[in-house]
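Here are the chains, one letter per residue:
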Amino acid sequence: MSASKPHPDSYGYRPGRSAKQAVAVTRKRCWRYDWVVEFDIKAAFDQIDHGLLMKAVGSHIKESWIRLYIERWLKAPFETADGERLERERGTPQGGVVSPILMNLFMHYAFDAWMQRMRGVIRGWRIHRQTSATLAELAKQCNPAIRGWWNYFGAFYRTAMRKLTGYIDQRLEQWARRKYKTLTRHTRRSAVWLRRMKHASPGLFYHWRVAGERVG
């Protein structure tokens, strides 16, 4: 099995990490912001795509016999209380000994790794440095990508998308602090300013339009 560096925000089933550490880090971060995002993926264990999961498994496990056993275990039919045998086309059995590990691996690629990439794109926009642009011009630049992300990924992880759109709002706040002297070095004041912009023009940015009130 090849080694993989854990995501800094991943605490589930990681060596040397615990739920208490996750709570401690979350608590520390909460002091820095006046908002929090919590989400749950409905029927996550029941809906995992076997093909995508095995692709993730293959990125870490090179031994073909191990991959074969995992795939057989995933696709093994299950028996109902009435004795009926049903084929398993999606999902991983809840309560299974390796189900939590497989879920953690799947979420690493389905969410964590993707979030790191789509954030890379946002950083590449360098919103906070475009102080000569207007807010409307920034929206025109960003909306095509935001719309595409929301229509594709939002169809599956709509609540999780709030974390990404919240990051965009943070970059907009940074832009405002550089553009307007009255907001310089005032994080909370820039958040209030962005909130007012949302109320005044709720359809300006695509994620404002579909996600509703969400200010970082």
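Residues numbered from 1 in each chain as written. Predicted model: local features only at pLDDT ≥ 70, side-chain atom pairs only at ≥ 80, totals over all residues. Heavy atoms only, no water.

Caption draft 1: Geometry of the overall build of the protein. Each helix and strand counted, the protein has nine helices and two strands in total. Counting from the amino terminus, the protein carries its helices and strands in the arrangement α-α-α-α-β-β-α-α-α-α-α. Within the protein, buried positions represent 35% of all 216 residues. For the protein, the accessible surface area stands at approximately 13,800 Å², while carbon and sulfur atoms represent 54% of it. (Helix = DSSP H or I, 4+ residues; strand = E, 2+ residues; numbered from the N terminus. Buried < 20%, exposed > 50% of the residue type's maximum accessible area, 1.4 Å probe, protein only. Areas by Shrake-Rupley, 256 points an atom, 1.4 Å probe, with all protein chains shown as cover.)

Caption draft 2: Spotlight on the environment of Tyr 180. Its location among the elements puts Tyr 180 in the loop between helix H7 (161–179) and helix H8 (187–200). For Tyr 180 and Thr 131, which are 49 residues apart along the polypeptide, the C-alpha to C-alpha distance reads 8.8 Å. Beyond its immediate chain neighbours, meaning those up to four positions away, Tyr 180 contacts Trp 175 and Trp 193. (Contact = heavy atoms within 4.5 Å.)

Caption draft 3: Summary view of the nonpolar core. Ranked by internal contacts, the top residues of the largest apolar core, which has 24 residues, are Leu 172 and Phe 205. Breaking this core down by element, the ones donating at least two residues are helix H5 (99–125), helix H6 (135–152), H7, H8 and helix H9 (206–211). Aside from chain neighbours lying at most four places away, what touches Phe 205 is Leu 135, Leu 138, Ala 139, Cys 142, Asn 143, Ile 146 and Leu 172. (Core = buried A, V, L, I, M, F, W, Y, C linked by side-chain atoms within 4.5 Å.)

Caption draft 4: Local environment of H6. With 18 residues, H6 should reach 26 Å at 1.5 Å per residue; the first-to-last C-alpha distance of 25 Å fits that figure. Where H6 bends most, the angle comes to about 45 degrees, and this point is Cys 142, followed within four residues by the proline Pro 144. Taken together, the buried positions of H6 are Leu 135, Leu 138, Ala 139, Cys 142, Asn 143, Ile 146, Trp 149 and Trp 150. (Expected span 1.5 Å × (residues − 1). Bend = angle between axes of the 7 residues up to and from the residue.)

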